[in-house]
Amino acid sequence: MPLADYFAVPHNPDGFPQAATERSATNPWLPHNEGTAKDRLGPVLETSWANSRLRSGSERGIEMFVDQRSAGVPRRDGGLEKMVPIADSGNAAEPNLTFEEFARELSLDDPVFAAELFSASGGSLSLGKMAVEAASLANFVVDLESTSFADYVAAQSPTLSLGISESDERAAAVLAHLSPFTNQTALLALSALLSGGDGGISAQDPDGILLRLRMSGVLVPDGGSGRARLLKIPMLIAAKLRHTFAADPESAEVVLELVSVLVTHLEETASPDVGVLADALVLTRRAGLWSELSRIRDAGGLAIFLLTPQAACIAFGHLPSGARNADPGLSFFAALAEDAMDEVADDPSPERIRSAVIAETGPGRMRLRLPGFGEMSQGGYIETLRRMIGLQGEGHHGAAAALGLAASTAIRATRAHLVIRLLTAISLFHAAQPRRAISILHDIESSAETTHIDGDFLLPAAYAWTALIAAVSGDHERADQHLAWLFDEKSSPVMIDELVHPAQSIAAALRALDRLDLDRAREERDNLAAYPENRSLGVYPSVIGRTLAILSATAESGLLFANDDVENLNDAEVISPAGRELLAASRSMVFICLGQLKWAELEFERISPGADSRIVLSIRGKLVAGRYEDAIASADNWFYHRSLTPKSRAELAAIRAAALLRTGDEAAATAEFITAVGLSTWVSSLLPLAFIPQKDRNRLIDLTEDAPAWREAAAAFSGHFRSTAELMSRLRTISAVAVGEASMPQLSANEAQLLNLLSRGLSVAEISVELDQATGTVKNRLSVLYRKFEVSNRAEAIARARSLGFLSAR
């Protein structure tokens, strides 16, 4: 488009053609109308365009502002007006040019490109000429916003006069190391001048420096608004400032201090500025400041790859061996960056890098990446993570929690502190300290909610583990709230998914069981069983499977082998004490439902004496054993004990109602069952009602069907049952196989011995030899044994003995 027609096309608010700010939907780095050589650059590059193209990368037009002056005094109302650049004010050899003059001097026919070059050079004709010349000589695509290209142009261009004082120019040189920044970041960066010992009077007045740099046109707006309004030094001017500054003997010290200031800021903030993070990464890598790069790693964690994926890969990828050996934690990040870059080599866009990093931190991948103990230096965030994960893998969750609690107070970086706290909460849960775990997770949520970004694991993991602990502890409201957030918000993949997915699936399965939604519970259980990395949560598929068997079995055989068929634990997996108790409780429950009370007692003896699961199982066993008065008394004694959860109290009320019914006291049973219904509604779980024997349950439903408690229950579960009748019908039919009362034959020692020989498959003749008795005597004794078990043959006797716990089901 000829310059004559420039003002005839639509313009953006900055006064330049809209095409300058439009970008391709498929590649944000390319303009829509890249065009041909003649279209883009006109005759200047026409002769050399066969071997080169110049690609613009600016997403904005040019903005030049200056404070209005009245009698030489800057206005305080912030009034700003666009003006021609004065980047070269004071340089007599290079007069100020308007945009049209700039384009005409460089023979640029394309106003879009001319505007972008005008912006990148700050209107400097010498920089503009050098940029056009450099692009014409290149045999590859160059980008006006490429730092490397700008540095090349700066190295070839003559000295640039900005018309500002020497101290202000040094301040501008410091800011030239940053990408677009906020006013707050600029003030932060300028503090490096003071710390670096510059000593200039202007360094004591950073606000004044920024005002003068803006008035001179060296510092220009770059979008945003309010506190988030961005500033920048035009790309080519910034490169020239850096090039000139590099010759200063003190420049290295100032850059080092600048990096330290930026990294300290990253450590102390929970929500790092992406621009500051990217600048810190690039500066540390360029200067080879590996200790500072380690600090950035700890401050940002893996979220660095989500916030600024390209800068992260550039900073951590292909680190020299010295840096890797000095800090294996850097080697860990380097390997991740390199693997991610290999995955996206054909298209290293930010989104593809994010997706690759998420995939590279998938189930089981992180443990393979973390350096071993022998490689770690003493102290540090990564070492603490590795040691905690190692202790958790060995089942030493108490020790892992203690390590996390001690380390979190010494870790400075906010992000690292939160991650250590997350692992500490997980260890506390496995160490049977759910209340402390919930408290820590709540603190993590409060800190992470306002800074969460898609793909990060920290907040989803805190929510998932809170949901799990709440579901296990009977805090249904908290569990449901956190699950709702997870299913609504966590639709996209996250890094280190193993910290999120298993806990979320378990919590969802447990809550589905509470609602008697067996299909959903099976779905979540199957997802969990198929997940490649359950680790410390590996007991839950078995526990959930046993509960499903109790609720859905249609024959005794469905329960008989439940303790074997759903046991899918890896032999090498170390189970925590809390996990072992959970397994023992689930086994004991199956044995009680089978009437195998001896085996049930052996299992709940493995549970801590004060645990509410052991208390409830013991009283449930008394009901099935026919010890009704004992069950009623025990339920009364334990009901208000502080160790019991509300859900356990609901179970005791239901058991007591069934025991009262069996004693013939229907009035008391009815009142107690209404209490059980109310408590079940309150804890949002129908399991306390579903777990009492079906015969007792159905009778109690008949006696209470008109009670208001049922309508309240139906309202509470209205999302899953359409009516009170449907809710009652579900309770009547579920858990149909569990025995109501165990008929326990009394066996002598000799009869127990005979039964054991039968189970070994010995014939009558072989038993006769084993016992040194006549075959007729053995046959008579077997007949007595069959009568005691109310069976008529060997197979039935063995099956019955197993179901009652006289023989192992295994």
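Given the structure is predicted, the values throughout are model-derived calculations rather than measurements. (Residues numbered from 1 in each chain as written. Predicted model: local features only at pLDDT ≥ 70, side-chain atom pairs only at ≥ 80, totals over all residues. Heavy atoms only, no water.)

Attention now moves to the sheet that holds strand β8 (residues 220-221). Pairing between the strands of a sheet comes from backbone hydrogen bonds, and it takes one of two forms, parallel or antiparallel. With antiparallel pairing, the three strands of this open sheet are ordered in space as β7-β9-β8. The outermost strands of the open sheet, each flanked by one partner alone, are β7 (181-182) and β8. Bridge count for β7 against strand β9 (residues 230-232) is two bridges, and the pairing is antiparallel. Residue pairing for β9: Phe181 is matched across the bridge by Leu231. (Pairing = 2+ DSSP bridges. Helix = DSSP H or I, 4+ residues; strand = E, 2+ residues; numbered from the N terminus.)

On to unusual backbone geometry, then. For His318, which is not glycine, the phi dihedral falls at a positive 55°. Inspection of the secondary structure puts His318 in the loop between α15 (309-316) and α16 (321-326). Classification of His318 as exposed rests on a relative accessible area of 58%. Its identity is not glycine, yet Ala432 carries a phi of approximately 65°, on the positive side. Counting through the fold element by element, Ala432 comes out in the loop between α22 (414-430) and α23 (434-448). (Buried < 20%, exposed > 50% of the residue type's maximum accessible area, 1.4 Å probe, protein only.)

Locating Ala401 in the fold gives a position in helix α21 (residues 397-408). Judged by relative accessible area, which is 3%, Ala401 ranks as buried. On a C-alpha basis, the gap between Ala401 and Leu423 in space is 7.7 Å, while along the polypeptide they are 22 residues apart. In this view, Ala401 contacts Thr424, Ser427 and Leu428; residues no more than four positions away in its chain are not counted. (Contact = heavy atoms within 4.5 Å.)

Running from N to C, helix α33 (residues 612-624) and helix α34 (residues 628-638) cross one another at 160°; their axes reach a closest spacing of 7 Å. When the axes of α33 and α34 are compared, the pair comes out roughly antiparallel. Crossing of α33 against α34: the hand is left-handed. Mapping the contact onto sequence places Ile615, Ile619, Lys622 and Leu623 in α33 and Tyr628, Asp630, Ala631, Ser634, Ala635 and Trp638 in α34. A class-by-class count of the residues in the contact of α33 with α34 yields seven nonpolar, one polar and two charged. (Axes fitted to C-alpha atoms, helices over the stretch in contact; angles between N-to-C directions. Parallel < 35°, antiparallel > 145°, perpendicular 65-115°, else oblique. Left-handed = near helix turned anticlockwise from the far one by under 90°. Nonpolar A, V, L, I, M, F, W, Y, C, P; charged D, E, K, R; others polar.)

On average, residues of the chain score 82 in pLDDT, and 82% of them are at 70 or above. Low confidence marks residues 197-202, where pLDDT is under 50. Its contacts with residues over four positions away, or in another chain, come to seven contacts. (pLDDT = per-residue confidence, 0-100.)

Per the counting criterion, the structure on display carries 36 salt bridges. A salt bridge links Glu268 to Arg412; the shortest N-O distance between them is 3.4 Å. Placement of Glu268 in helix α11 (residues 251-268) and of Arg412 in the loop between α21 and α22 is noted, with a sequence separation of 144 residues between them. Each member of the pair Glu268 and Arg412 is classed as exposed. Its salt-bridge partner being Asp443, residue Arg421 comes within 3.9 Å of it at the nearest N-O pair. A residue pair is termed long-range when its members are at least 10 positions apart, and Arg421 in helix α22 and Asp443 in helix α23 qualify at 22 residues. Of the residues examined, Arg421 reaches a relative accessible area of 18% and is grouped as buried. One network of salt bridges, with partners in common, ties together Glu267, Glu268, Glu292, Arg295 and Arg412. (Salt bridge = Lys/Arg side-chain N within 4 Å of Asp/Glu carboxyl O.)

Right, let's get into the packing of aromatic side chains. Taken as a whole, this structure holds eleven aromatic pairs when the rule is applied. On the numbers, 5.8 Å between centres and 40° between planes, the contact of Phe305 with Phe333 is tilted. A residue pair is termed long-range when its members are at least 10 positions apart, and Phe305 in helix α14 (residues 304-307) and Phe333 in helix α17 (residues 328-343) qualify at 28 residues. One exposure class covers both Phe305 and Phe333, and it is buried. What makes Phe333 buried here is its relative accessible area of 2%. An aromatic cluster is defined as three or more aromatic residues linked by ring pairs; in this entry it consists of Phe305, Phe316, Phe332 and Phe333. (Phe/Tyr/Trp six-rings, centres within 6.5 Å; stacked < 30°, edge-to-face > 60°.)

What follows deals with α34. Regarding α34, the residues found buried are Tyr628, Ala631, Ile632, Ser634 and Ala635. Take α34 and look down its axis: the buried residues cluster within an arc of 170°, on one side only. Exposed and oriented more than 90 degrees from the buried face of α34 are Glu629 and Asn637. (Arc of directions from axis to C-beta.)

Empty space among the atoms can be located by rolling a probe the size of a water molecule over them. According to the stated counting rule, one finds four cavities of 30 Å³ or more in the structure shown. By volume, the second largest cavity is sized at about 70 Å³. Taken together, Met589, Ile592, Cys593, Arg620, Leu623, Val624, Phe691, Ile692, Pro693, Ala738 and Val739 make up the full set of residues lining the second largest cavity. At the level of secondary structure, the elements contributing two or more residues to the lining of the second largest cavity comprise α31 (577-594) and α33. For the lining of the second largest cavity, a count of residues per class yields ten nonpolar, no polar and one charged. (1 Å grid on protein atoms, 1.4 Å probe; cavity = no way out; pocket = protein on both sides within 12 Å on 5 of 7 lines; lining within 4 Å. Points joined across faces, edges and corners; volume = space filled by probe spheres on them.)

Relative to the assigned elements, Ala155 resides in helix α6 (residues 147-156). Note: C-alpha distance between Ala155 and Lys240 (85 residues apart in sequence) is 7.3 Å.

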